[in-house]
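These are the residues of each chain, in order.
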Amino acid sequence: MNKIDELPNIGPTLAQKLNTVGITNLQELQQAGSIGAIIKISSLRNHGACTNMLYALEGAIRGI
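None of these values were measured; they are calculated from a predicted model. (Residues numbered from 1 in each chain as written. Predicted model: local features only at pLDDT ≥ 70, side-chain atom pairs only at ≥ 80, totals over all residues. Heavy atoms only, no water.)

Enquirer: Just to check I follow, could you spell out the side chain of asparagine 25 for this structure?
Expert: Mapped onto the secondary structure, asparagine 25 falls in the loop between helix H1 (12–20) and helix H2 (26–42). Engagement of the side chain of asparagine 25 in a polar contact is seen with the backbone nitrogen of glutamine 27, the distance being 3.1 Å. (Helix = DSSP H or I, 4+ residues; strand = E, 2+ residues; numbered from the N terminus. Polar contact = N/O pair within 3.5 Å; in protein donor to acceptor, adjacent residues only side chain to side chain.)

Laid out in structure tokens, this is it:
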């Protein structure tokens, strides 16, 4: 299982946000999907979610 911070497009800040919402590896990210993950991140205080973050998540899921 790939750790979330080892995926393409996932830097330390986004990895921390994903960990905070319970997404810690590729399988969990794939199950949530990019839209599901961004919705979870959006629920955080001071989330900073944006379109670029959504694209980064989708790229990480696809491995590009």
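Enquirer: Help me understand the nonpolar core in this model?
Expert: Ranked by size, the top nonpolar core spans 17 residues in total, and within it Ile4, Ile10, Leu14, Leu18, Leu29 and Leu57 carry the most contacts. Looking at this core, the elements that each hand over two or more residues are H1, H2 and helix H3 (51–62). In contact with isoleucine 4, other than residues within four places in its own chain, are Ile10, Ala15, Leu18, Asn19, Ile23, Thr24, Asn25 and Leu29. (Core = buried A, V, L, I, M, F, W, Y, C linked by side-chain atoms within 4.5 Å. Buried < 20%, exposed > 50% of the residue type's maximum accessible area, 1.4 Å probe, protein only. Contact = heavy atoms within 4.5 Å.)

Enquirer: When you look at the packing of H1 against H3 in this model, what are you seeing that I'm missing?
Expert: In a pair of packed helices, the angle between the axes and the distance between the axes together describe the arrangement. Their axes nearest at 12 Å, the elements H1 and H3 cross at an angle of 80°. When the interaxial angle is binned, H1 and H3 end up roughly perpendicular. Counted together, Leu14, Lys17 and Leu18 of H1 and Met53, Ala56 and Leu57 of H3 form the full contact between these two elements. Residue classes in the contact of H1 with H3 are distributed as five nonpolar, no polar and one charged. (Axes fitted to C-alpha atoms, helices over the stretch in contact; angles between N-to-C directions. Parallel < 35°, antiparallel > 145°, perpendicular 65-115°, else oblique. Nonpolar A, V, L, I, M, F, W, Y, C, P; charged D, E, K, R; others polar.)

Enquirer: What is the right way to look at unusual backbone geometry in this model?
Expert: For residues that are not glycine, phi is negative in most cases, and the peptide bond is trans in most cases. Of note, the phi angle at asparagine 9 is positive, near 75°, even though the residue is not glycine. As for its position among the elements, asparagine 9 is in the segment before H1. Despite not being glycine, asparagine 46 shows a phi value in the positive range, around 55°. By the element assignment, asparagine 46 lies in the loop between H2 and H3. With a relative accessible area of 72%, asparagine 46 lands in the exposed category.

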